[in-house]
Amino acid sequence: MEGLITAWGKILRGYRPSLSIEITRECPLRCPGCYAYGDEHLGGDITLRQVTDYKGQELIDRVLAIVDAEKPIHVSIVGGEPLVRFRELNEILPKLAERGIYTQLVTSAVRPIPAEWAAIPRLQIVVSIDGLQPEHDARRTPATYDRIHKHIDGHHITVHCTITRQQARRDGYLEEFARLWSANANVSQLWFSLYTPQIGESSPEMLTRADRERVVAALITLRRHHQKIKMPEGLIKHYMTPPEGPEACIFAQTTSCISADFEHRITPCQFGGNPDCSQCGCIASAGLKAVGAHKIIGGTVRVGAIFETSLKIGRSMRNRREAVA
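Attention in this report is confined to the structure presented alongside it. (Residues numbered from 1 in each chain as written. Predicted model: local features only at pLDDT ≥ 70, side-chain atom pairs only at ≥ 80, totals over all residues. Heavy atoms only, no water.)

Next up on the list: the packing of aromatic side chains. For the coordinates displayed, the defined rule picks out four aromatic pairs. Aromatic side chains Tyr-35 and Phe-271 sit 4.9 Å apart centroid to centroid with 80 degrees between the ring planes, which places their arrangement in the edge-to-face category. With Tyr-35 in the loop between strand 1 (18-22) and helix 2 (56-70) and Phe-271 in the loop between strand 7 (255-258) and helix 11 (283-293), the pair connects residues that are 236 residues apart, well separated along the chain. Of the residues examined, Phe-271 reaches a relative accessible area of 10% and is grouped as buried. In this arrangement the basic side chain of Arg-49 is found over the ring face of Tyr-37, its NZ or CZ atom lying 3.7 Å from the centre. Here the guanidinium or amino end of Arg-111 rests over the ring plane of Phe-86, the centre of that ring lying 3.9 Å away. (Phe/Tyr/Trp six-rings, centres within 6.5 Å; stacked < 30°, edge-to-face > 60°. Helix = DSSP H or I, 4+ residues; strand = E, 2+ residues; numbered from the N terminus. Buried < 20%, exposed > 50% of the residue type's maximum accessible area, 1.4 Å probe, protein only. Lys NZ or Arg CZ within 6 Å of the ring centre and 35° of its normal.)

Moving on to the sheet that holds strand 3 (residues 102-107). Within the open sheet, the seven strands sit side by side as 6-5-4-3-2-1-7. Their pairing is parallel. Of all the strands in the sheet, just strand 6 (187-194) and strand 7 have a single pairing partner and so form its edges. Taken over all neighbouring pairs, the strand axes of this sheet differ in orientation by 20 degrees on average, direction set aside. Against the sheet, helix 7 (residues 173-182) contacts strand 5 (157-163) and strand 6, and its axis sits at roughly 155 degrees relative to strand 6. (Pairing = 2+ DSSP bridges. Axes fitted to C-alpha atoms, helices over the stretch in contact; angles between N-to-C directions. Contact = heavy atoms within 4.5 Å.)

A word on the pairing of strand 1. Across the five residues that make up strand 1, a large majority, five, are buried. Side chains of strand 1 alternate between two faces, with Ser-18, Ser-20 and Glu-22 and Leu-19 and Ile-21 buried alike. Here five bridges tie strand 1 to strand 2 (residues 74-78), and the two strands are oriented parallel to one another. Looking at the pairing, Ile-21 lines up with Ile-77 of strand 2. Remark: the strand 1/helix 2/strand 2 crossover connection has right-handed handedness. As judged from the four bridges shared by strand 1 and strand 7, these two strands associate in the parallel manner. For Ser-20, the partnering residue across the bridge sits in strand 7 and is Cys-257. (Right-handed = clockwise from strand over helix to strand, strands pointing away.)

Interpretation in functional terms is not warranted from these geometric data alone.
So this is what it looks like as structure tokens:
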């Protein structure tokens, strides 16, 4: 509740409480279906691999400058592959912690995660693992299972798996995945998202409505048997009823996303391009929708209604501030 109140205050003052930064354009992986490297991710005029990105002190200064300007309470560092810039992150991450910011770093663990990061407060390291070893290694080489096991040693990571049609249609697949990674002492929790396509996309990763129903039922069962699956049942159920569009998505409305050149804004959300919201499987979107559906004041007022009103007030405050500037 404390975090919600803090976020509410930011929104009322015209700031978005969350900031997502694509810290580099570089990535040694070539994952099928990766939204960050899609042709339309940045609007169609330029792609992530074509933007100018930064290294060294200039990158450190740019990250801290945008954080100080936007005043988020939560920062997501994504890529590209953030560990490409581990030297700069050795300085950035402690400075974000000093500012009281909660930081989430999303990585493939293609290289060792610096040991000193384990002691940084308010830092969550999320490792993307897309299925069991045969499928994952085929999709995400060189960030193979063998490398991940070595590179997460000494940390307490969150495993994040994006579920595709191939996984959804294999009996017992998610159970085997959950059992495998729950047994790993370096894993503190497991998260599952569903593959989110762009409008007009036709790919083997896309889930049908029946696939989605199957996955939701499986996850609801699995969370009861695997304590490391930190996903409330209400969140999982919202995978069946995604927001109708970005304007109805609390996550999209409360998160600023910036690309590696610190100039291109990623809209309407971190997926960029033209995501098919009717097939959204974003865990952040589903989680905040579950929060928004919660009722307070004796069960009479939806939290989402408060956020919607606050966003309108915040936009007005931001417009006034920008007009003065």
